[in-house]
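Commentary on secondary and tertiary structure
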Amino acid sequence: MSTTNRTDQREAAQREAIDAVLRALEFPARSLVPERGLRTQVIMATGSGKTRVAVRSAQELHAAVCWSSCPRSTSRADRDRVARGGRRGR
């Protein structure tokens, strides 16, 4: 499988995950946002772009706050880099 094909598949899977997040966090226009905010969970394989999905979903939702948790010490740096538009060299 070519690198381009793998990248296309990964980006398609990320878009699908973002769309699922947006659907999960939809609520009727006249309803109030719950006091604790809107929440969902995304479970994806290692290296599949969870950070990118979290950041892009927050951007598309115009979220004031986006919290993500990963069991790695570098996840905060990854999230910040992705939010600034940087990409990991793969």
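All of these numbers come straight from a predicted model, not from anything done at the bench.

With 22 residues, helix 1 (residues 3–24) extends 31 Å between its outermost C-alpha atoms, agreeing within 8% with the 32 Å of an ideal straight helix rising 1.5 Å per residue. Within the span of helix 1, buried status applies to Q14, A17, I18 and V21. Viewed along the axis of helix 1, the buried residues span an arc of 100°, placing them on a single side of the element. Away from its buried face by more than 90 degrees, helix 1 exposes T4, E16 and R23. Buried residues in helix 1 make contact with helix 2 (50–61).

A few words on the side chain of S48. In this fold, S48 is placed in the loop between helix 1 and helix 2. Overall, S48 belongs to the buried group, its relative accessible area being 16%. A polar atom in the side chain of S48 sits 2.5 Å from the backbone oxygen of A45.

For the protein, mean pLDDT is 81; residues scoring 70 or higher make up 83% of the total. Taking the mean pLDDT of every element in the protein, the minimum, 72, falls on helix 3 (residues 75–83) and the maximum, 91, on helix 1.

For residues besides glycine, phi is generally negative; the peptide bonds are generally trans as well. If you check the backbone angles, H62 has positive phi at about 55° while not being a glycine. Tracing the backbone through its elements, the reader meets H62 in the loop between helix 2 and helix 3.

Orientation of helix 1 relative to helix 2, taken along the N-to-C sense of each, is 45°, at an axis distance of 9 Å. Classified by the angle their axes make, helix 1 and helix 2 are oblique. Both helix 1 and helix 2 take part in a crossing whose hand is right-handed. Within the contact between the two elements, helix 1 uses Q14, R15, A17, I18, V21 and L22 and helix 2 uses R52, V53, R56, S57, E60 and L61.

Moving on, we come to the pattern of salt bridges. Applying the stated criterion across every chain, the model contains 3 salt bridges. For E60, the salt bridge goes to R56, with nearest N and O atoms at 3.1 Å. Remark: R56 and E60 occur in helix 2; sequence separation between them is 4 residues, near one turn of the helix. A relative accessible area of 25% means that E60 is categorised as partly exposed. For R56, a relative accessible area of 37% corresponds to the partly exposed category. Through salt bridges with shared partners, a single ionic network connects R15, D19, R56 and E60.

Definitions and cut-offs
Residues numbered from 1 in each chain as written. Predicted model: local features only at pLDDT ≥ 70, side-chain atom pairs only at ≥ 80, totals over all residues. Heavy atoms only, no water. Helix = DSSP H or I, 4+ residues; strand = E, 2+ residues; numbered from the N terminus. Expected span 1.5 Å × (residues − 1). Buried < 20%, exposed > 50% of the residue type's maximum accessible area, 1.4 Å probe, protein only. Arc of directions from axis to C-beta. Contact = heavy atoms within 4.5 Å. Polar contact = N/O pair within 3.5 Å; in protein donor to acceptor, adjacent residues only side chain to side chain. pLDDT = per-residue confidence, 0-100. Axes fitted to C-alpha atoms, helices over the stretch in contact; angles between N-to-C directions. Parallel < 35°, antiparallel > 145°, perpendicular 65-115°, else oblique. Left-handed = near helix turned anticlockwise from the far one by under 90°. Salt bridge = Lys/Arg side-chain N within 4 Å of Asp/Glu carboxyl O.

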